[in-house]
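These are the residues of each chain, in order.
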Amino acid sequence: MKHSITSHKRARIFRFIQIGKHLRIRVPAFINPPILILAGTFVFLTVFFPYSRRVQLFDLPKVGEAAKETIISPITYDIVRSPEEVERERKKAMEQVLLVVDQEAAIKDQVMKKLFDLRPDLLQLSKSDTSDSVADSIRQALSRELSNNALNLFQKRPYLIEDVLVYARDMLDKGVSAVLLVPSMERLTELRTLYNTSFDQHLLYDRQFISLRKDSLETTVRITDLPVKEIALENTIKRLRVERKLDDDALAGIYELLFAFVRPNVIVNGEETMRRRHKASQGVLEISGKVIKDTEIIRKHQEVTPEVIRKLLSLRYALDRMENVQERRKLTANNAGRLLLMLLPLLFVAFYIAKYEKRLMRNHKHLSALAIVLCLQAAFIRAAMILAPRLFEGSSEMTSLVPEYLIPLTMGSILTAILFSMEISLVYTLFISICFGIVMGFNQYFFIYSLLSGIVAGFSARNIRYRWHFFKAIPPVVMISVVIITLWHLIGFKLSVINLGINCSLALISVIIAIFLAMMLTPVFEHLFDITTDMTLVELSDLNHPILKRLSIDAAGTYNHSVLVGNLAESAAQRIGANPLFARVAAYYHDIGKIEKSEYFIENCLTVDRSRHLKLAPSMSALIICSHVKDGVELARKYHVPKSIQDVITQHHGTSMVSFFYEKALEQDPHKQVQEQEYRYAGPVPQTRESAIIMLADSVEAASRSLGTSSPKLLRELVKKIIRDKFLSSQLDQSDLTLRDLDEIVEGFMPVLQGIFHSRIEYPSREKERERVEEKQ
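Trainee: What is the right way to read the overall build of the protein from this model?
Mentor: Within the protein, the secondary structure is distributed over 31 helices and 10 strands. Out of the 777 residues in the protein, the part that is buried amounts to 44%. Long-range pairs, those at least 24 residues apart, make up 77% of the contacts in the protein between residues at least 6 apart in sequence. Counting only carbon and sulfur atoms, one obtains 57% of the accessible surface of the protein, whose full area is about 43900 Å².

So this is what it looks like as structure tokens:
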């Protein structure tokens, strides 16, 4: 039953395969990975594009600069104060409001009534016919307000009560304040010392005038005209001393009587004062003037003042508030034009990669990595354009300060030079510079600054082989940045040493940030996208690497062969402009699969007669020989060798024939029924120039050992023959090597081969040396 079910399934699968052969399913072009990567980049740049929220009719200058253009107002609009200015004006308006005080007439009436009621008692006390009992009762009633000395004084001199009434009325008519108004605590301290009074009821008030409301009238008076009770009494005593010529006893009695009965009649009205101040604050207008349509706001080369900036900001604000369809269409067209103008160069970058970087085009992982680098750089530019100006919001006096120098523009140029090539870095830098110039308002200066600094950064980073070499790129990039910034200051007649130093410092900080970002991101891209950089290759070139260490012990012959192949490959790669470091390092690892069955490979056998293949069938021997490619890939994966070197291991034999065992199989099979495919490597053929060079170097090194001569002519002929055979067998068709490259490879191999097989002087043995000496004797 099981057998029948299996057979049925196999029949269905076979039928499905046959149908599939006749059906040609076409994959739509729009899901092609490079197209998807390009579309994703388009979408990302579109999302992160700095769209304008207003029609950019002019570039906003800075205070102190010379205007670059004449700006005419396109509309009539109000000059709007800034929120800070409005708040400042409101505070100023509140401070201008005078303190409101009320003079209470009722208090004056109450005080005068008490004094008039006191007058008969004091007069009765002064009469001689007043009985002692009446006098005692009057004294006892008044002793709560007046001392005995004061009562004795008014008993002897009753006329002084008239002076008290007159001057008390005068004091209350002028007003006696309940609170001492002082401009500062220092003044309060002086008054306390002067009058020997604590003045607990005081209020800090730095104005000289107050608003006095009396009856239904309101007047403005000086604060000195409304003294507190203690000061008013002192002033009254001084007047009595001058005007009435009274002695000290009389003055003391009058002071005591006034102090006991006079009450302050001027009260601070805090509620009314706050109401008026609030009204004054609300009365401050948010506009300070009006600009008429077609009026000149500023003329070209005229100095930009704060007032001009206020007018230009108000114009932008007015345009933002306009519900004008035409203005909105202009805004949409402006944003669309700038966006398309930025995306258009991306099409040229895509065309360049498709036309001249086919190797990158075929590797979708690497292509995705390049797109992500570009998107990261765009995101950093967008974020820095938002954050950098906020760091210097309080530095308006530095008119030549450029916060955009903090943007790490060179990060992408460094990354592309390290991860890909200098050519890719140059194209990338040109694109980013164009984009940066566009988003900065079509500013050609920022385009040149980004372009030159990016080119220098790429050239400085292209040969980085050690992590600490990143820091070597800082001086040249900073130097070109400083030169460009200095020239810009000279051109704009803004050679301020302070501003120049600050801008150069910002450029230095941005370069350092870019270097550190590149350092952190490089290993991430290497790991995620299988990119092999020179830094990784240098680490893999260490002959103490675990794989190479095993190779040198378990397969010493293969190890020596790999080192020689590495020397040949490096020399040839230098001749044709390929990557010599990658060629040498990949050659070290190309035969690591022989570690597992090292004794089956001739270079690891002491003699040919002891080879284990003598007891094996040719097909089995060919299978063992070909399996070293698969074993090598598995071993490379185990030790996390980069994918690019794994590809070299897979491709270094291509689909070539194991000719020795194939010929041997033909000899042993009289019917000639040997399957040729069983004696070929699985391939694929070399896909890169470095892989092709390693294939040729591998064959040349192995064949040259069997030549047995150091003749340059014979070595050259051998190299040419091997290259010709590989070329005719189509092993080099997909490697991008040209015929000129093949000639250069021959010239690259020859110095190394001559060094390996150089002639040596034959040193005489000791016996021959002894015979020669005896003959001379």
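Trainee: What am I meant to see in the pattern of salt bridges here?
Mentor: Working definition: two side chains of opposite charge can pair if their charged atoms are close together. Scanning all chains against the criterion turns up 31 salt bridges. A salt bridge links Arg-119 to Glu-162; the shortest N-O distance between them is 2.6 Å. Here Glu-162 lies in helix H7 (residues 160-174) and Arg-119 lies in helix H4 (residues 105-126), a separation of 43 residues in the sequence. The partly exposed category is assigned to Arg-119, whose relative accessible area is 29%. For Glu-539, the salt bridge is made with Arg-467, and the minimal N-O distance between the two is 3.8 Å. Of the two residues, Glu-539 sits in helix H21 (residues 534-540) while Arg-467 sits in the loop between helix H18 (444-461) and helix H19 (474-491), which places them 72 residues apart along the sequence. Classification of Arg-467 by relative accessible area gives partly exposed; the value is 30%.

Trainee: Looking at this structure, I do not really get helix H30 (residues 739-756). What am I missing?
Mentor: Because each turn of an α-helix spans 3.6 residues, side chains separated by three or four positions in sequence point in the same direction. For H30, which comprises 18 residues, the first-to-last C-alpha distance of 26 Å matches the rise-based estimate of 26 Å (1.5 Å per residue) to within 8%. Where H30 bends most, the angle comes to about 25°, and this point is Met-750, followed within four residues by the proline Pro-751. In this fold, the buried residues of H30 make contact with helix H23 (556-576), helix H28 (689-705) and helix H29 (712-728).

Trainee: Would you mind going over a nonpolar patch on the surface with me for this structure?
Mentor: Among the surface-exposed residues, Tyr-466, Trp-468, Phe-471, Leu-508, Ile-512, Phe-516 and Met-520 lie close enough to one another that they form a single nonpolar patch of about 700 Å² accessible area. Relative to the helices and strands, Met-520 is located in helix H20 (residues 497-529).

Trainee: I tried to follow the sheet that holds strand E6 (residues 209-214) on my own but got confused; where do I start?
Mentor: What holds strands together in a sheet is hydrogen bonding between their backbones, with the strands either parallel or antiparallel. With mixed pairing, the four strands of this open sheet are ordered in space as E7-E6-E3-E8. A single partner strand is all that each edge strand has here, and the edge strands are strand E7 (217-222) and strand E8 (266-268). Across the sheet, the mean angle from the axis of one strand to that of its neighbour is 30°, orientation sign disregarded. As judged from the six bridges shared by E6 and E7, these two strands associate in the antiparallel manner. Each residue of the ladder has a partner; that of Ser-211, found in E7, is Thr-220.

Trainee: I tried to follow the environment of Glu-69 on my own but got confused; where do I start?
Mentor: Secondary-structure assignment places Glu-69 in the loop between helix H2 (33-47) and strand E1 (71-72). Spatially, the C-alpha atom of Glu-69 lies 7.3 Å from that of His-301, the residues being 232 residues apart in sequence.

Trainee: In this structure, what is going on with the side chain of Ser-413? I would like to understand it.
Mentor: You can see Ser-413 is positioned in helix H16 (residues 411-419). Filtering out sequence-adjacent residues up to four positions away, Ser-413 remains in contact with Ser-425, Tyr-428, Thr-429, Gly-454 and Gly-458.

Trainee: Which parts of the structure should I look at to understand the confidence of the model for the protein?
Mentor: Close inspection of predicted coordinates is inappropriate for parts of the model with low pLDDT. With 88% of its residues at a pLDDT of at least 70, the protein reaches an overall mean of 83. Considering each helix and strand of the protein separately, the mean pLDDT is smallest for helix H1 (residues 2-22), with a value of 43, and largest for helix H24 (residues 580-589), with 94. Contacts for the low-pLDDT stretch residues 1-27, under 50 throughout, to residues beyond four places or in other chains number zero contacts. Note that residues 394-399 has pLDDT below 50 and, in this model, eight contacts with residues that lie over four places away or in other chains.

Trainee: Quick question: what am I supposed to make of the packing of aromatic side chains here?
Mentor: The description of two aromatic rings rests on the distance between their centres and on the angle between their planes. In the structure shown here, the tally under the stated rule is 11 aromatic pairs. Note on Tyr-255 and Phe-259: the rings are 6.1 Å apart at their centroids and 15° apart in plane angle, and the pair reads as stacked. One end of the pair is Tyr-255 and the other is Phe-259, both in helix H10 (residues 248-261) and four residues apart, which spans about a single turn. Between the aromatic rings of Tyr-352 and Tyr-356, the centroid separation amounts to 5.6 Å while the plane-to-plane angle is 40°, which identifies the pairing as tilted. Remark: Tyr-356 and Tyr-352 occur in helix H13 (residues 325-356); sequence separation between them is four residues, near one turn of the helix. The residue whose ring lies beneath Lys-229 is Phe-259, and the NZ or CZ to ring-centre distance is 4.3 Å.

Trainee: How do you make sense of the pairing of E6 when you look at a structure like this?
Mentor: Along any regular strand, the residues point their side chains to alternate faces of the sheet. Looking at chain direction, strand E3 (residues 100-103) and E6 are connected through four bridges and run parallel. Within the sheet, the bridge partner assigned to Val-101 lies in E6 and is Leu-212. Hairpin connection, E6 to E7: the antiparallel pair is bridged by two residues, and Asp-215 has positive phi, about 55°.

Trainee: Please explain the packing of H4 against helix H5 (residues 132-142) as it appears in this structure.
Mentor: Between two packed helices, what matters for the description is the angle formed by their axes and the separation of those axes. Look at H4 against H5: their axes get within 10 Å of each other, and the N-to-C directions meet at 140°. Relative to H5, the element H4 lies oblique. The way H4 lies across H5 gives a crossing that is left-handed. Residues Leu-118, Asp-121, Leu-122, Gln-124 and Leu-125 of H4 touch H5, and the partners they reach there are Val-134, Ala-135, Ile-138, Arg-139 and Leu-142.

Trainee: Please clarify how H29 should be interpreted in this entry.
Mentor: Between its first and last C-alpha atoms H29 spans 24 Å; for 17 residues at 1.5 Å apiece the expected length is 24 Å, and the two agree. Turning to H29, its buried residues are Leu-715, Leu-718, Val-719, Ile-722, Ile-723 and Lys-726. Projected onto a plane normal to the axis of H29, the buried residues spread over an arc of 125° and lie on a single side. Opposite the packed face of H29, turned more than 90 degrees from it, sit the exposed residues Lys-713 and Leu-728. Structurally, H29 contributes buried residues whose contacts are with H28 and H30. Where H29 terminates, the next one or two residues include Ser-730, which has phi positive at roughly 65°.

Trainee: In this structure, what is going on with the side chain of Gln-103? I would like to understand it.
Mentor: On the secondary structure map, Gln-103 appears in strand E3. Looking at Gln-103, the relative accessible area reads 8%, which means it is buried.

Trainee: What's the story with unusual backbone geometry in this structure? I'm lost.
Mentor: Trans is the common state for peptide bonds, and a negative phi is the common state for residues other than glycine. Each neighbour pair has its own omega, and for Gly-683 with Pro-684 the value is 10°, a cis peptide bond. Tracing the chain through its elements places Pro-684 in the loop between helix H27 (659-668) and H28. Positive phi, normally seen in glycine, also occurs at Asp-215, with a value near 55°. Note on placement: Asp-215 falls in the loop between E6 and E7. Classification of Asp-215 as exposed rests on a relative accessible area of 67%. The phi dihedral of Lys-245 falls on the positive side, at around 55°, and the residue is not glycine. Its place among the elements puts Lys-245 in the loop between helix H9 (229-243) and H10.

Definitions and cut-offs
Residues numbered from 1 in each chain as written. Predicted model: local features only at pLDDT ≥ 70, side-chain atom pairs only at ≥ 80, totals over all residues. Heavy atoms only, no water. Helix = DSSP H or I, 4+ residues; strand = E, 2+ residues; numbered from the N terminus. Buried < 20%, exposed > 50% of the residue type's maximum accessible area, 1.4 Å probe, protein only. Contact = heavy atoms within 4.5 Å. Areas by Shrake-Rupley, 256 points an atom, 1.4 Å probe, with all protein chains shown as cover. Salt bridge = Lys/Arg side-chain N within 4 Å of Asp/Glu carboxyl O. Expected span 1.5 Å × (residues − 1). Bend = angle between axes of the 7 residues up to and from the residue. Patch = residues over 30% accessible without salt bridge, like charges linked within 9 Å, V, L, I, M, F, W, Y side chains within 5 Å. Pairing = 2+ DSSP bridges. Axes fitted to C-alpha atoms, helices over the stretch in contact; angles between N-to-C directions. pLDDT = per-residue confidence, 0-100. Phe/Tyr/Trp six-rings, centres within 6.5 Å; stacked < 30°, edge-to-face > 60°. Lys NZ or Arg CZ within 6 Å of the ring centre and 35° of its normal. Parallel < 35°, antiparallel > 145°, perpendicular 65-115°, else oblique. Left-handed = near helix turned anticlockwise from the far one by under 90°. Arc of directions from axis to C-beta.

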